[in-house]
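Here are the chains, one letter per residue:
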Amino acid sequence: MDRGPAGVDGAGPRTPGVSGSRRLLAAGIVVVVLLLGVIAVLAIRLSGAAPEASAQAATPSPTPTSTASLTVRDIYQRVEPSVVIVRTSHDLGTGVIVADDGTILTADHVITSGGTITVTFADGTTANATVAAADPKLDIATLTPATLPQVVVPATLGGGADVGASVVAIGNPLGLADSVSAGVISGLGRTADTDHGRFAGLIQFDASVNPGSSGGPLLDAHGRVIGIVVSLATPDGEDAFAGIGFAVPIGAALGGNDGQGPETGPQI
């Protein structure tokens, strides 16, 4: 007796290999889904890291600026509290505080006319002062004020002087208190013949100064006192600025050396 083929459930014939193909198809779908998931995760991570890398590349760590030059405005604001007005019965000049005890450096010719010496500090405090030391050969004097302001701000001293370097002068030219001017160092080792003698080893500069500026600080681009202003040169003999000023180097003002050079001019 003949028997026809029967399925598992006895309902009909079963085609060979169909179930195996379905299993392969399902496995392939799973693999594709997994791959798509991995790609999505990597894309998210890469998109999050790229902006950070770009930001780091665009904003490198800044270089320390401890030796960076200051603007004229910054120099003035830093040093102005250290600058004083020096007055006698006959003369007006400038001075700069150089120590915590209020010691002031100025030009000797400002205080040699005699009479009471008074100093006015940046905060308006006015005090009598006495001459602690004087060097007429350098045109430098040191003053000791009788009283001090509540806050004493000494200037920072020192620093080299190079031809072409930027400088700032602060003083009281023609009685205009706390005036600031800027320029460059024009020469070193200059000599000035004045009505008070011949002074050598001077810094020549072109920042504007006039009578009343004497004794004020000449400052470098970092706000350090590199000289004390003492005189100017004028071609017509008038005591007005014509582009050449002179300052005693701070080293000499504190007890250093002399120099020599060709320039001459009146004291201010």
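Residues numbered from 1 in each chain as written. Predicted model: local features only at pLDDT ≥ 70, side-chain atom pairs only at ≥ 80, totals over all residues. Heavy atoms only, no water.

### Overview of the overall build of the protein chain
No. 1: For the protein chain, the helix and strand inventory stands at 4 helices and 12 strands.
No. 2: Counting only contacts in the protein chain whose residues sit at least 6 apart along the sequence, the fraction spanning at least 24 positions is 61%.
No. 3: By element, 57% of the accessible surface of the protein chain is carried by carbon and sulfur atoms, the whole surface being about 14,600 Å². (Helix = DSSP H or I, 4+ residues; strand = E, 2+ residues; numbered from the N terminus. Contact = heavy atoms within 4.5 Å. Areas by Shrake-Rupley, 256 points an atom, 1.4 Å probe, with all protein chains shown as cover.)

### Thoughts on the pairing of strand β3 (residues 104-107)
No. 1: Because side chains alternate across β3, one face comprises the buried residues I104 and T106, and the other comprises L105 and A107, equally buried.
No. 2: Hairpin remark: strand β2 (residues 92-97) followed by β3, antiparallel, with 6 residues in the connecting loop; positive phi at G102, about 90 degrees.
No. 3: Of the pairings in the sheet, the one linking β3 to strand β6 (residues 140-145) comprises 4 bridges and is antiparallel in character. Each residue of the ladder has a partner; that of I104, found in β6, is L143. (Buried < 20%, exposed > 50% of the residue type's maximum accessible area, 1.4 Å probe, protein only. Pairing = 2+ DSSP bridges.)

### Overview of the pattern of salt bridges
No. 1: Applying the stated criterion across every chain yields a total of 1 salt bridge.
No. 2: D220 serves as the salt-bridge partner of R224, at 2.8 Å between the closest nitrogen and oxygen.
No. 3: For D220, a relative accessible area of 6% gives the class buried. (Salt bridge = Lys/Arg side-chain N within 4 Å of Asp/Glu carboxyl O.)

### A word on the confidence of the model for the protein chain
No. 1: Looking at the protein chain as a whole, its pLDDT mean stands at 79, while 68% of the residues score no less than 70.
No. 2: Looking over the protein chain, one finds the lowest element-wise mean pLDDT in helix α1 (residues 18-58), namely 52, and the highest in strand β10 (residues 217-219), namely 98.
No. 3: Contacts for the low-pLDDT stretch residues 1-16, under 50 throughout, to residues beyond four places or in other chains number 4 contacts.
No. 4: Confidence drops under pLDDT 50 across residues 257-268; counting only partners more than four residues distant or on other chains, this segment forms 61 contacts. (pLDDT = per-residue confidence, 0-100.)

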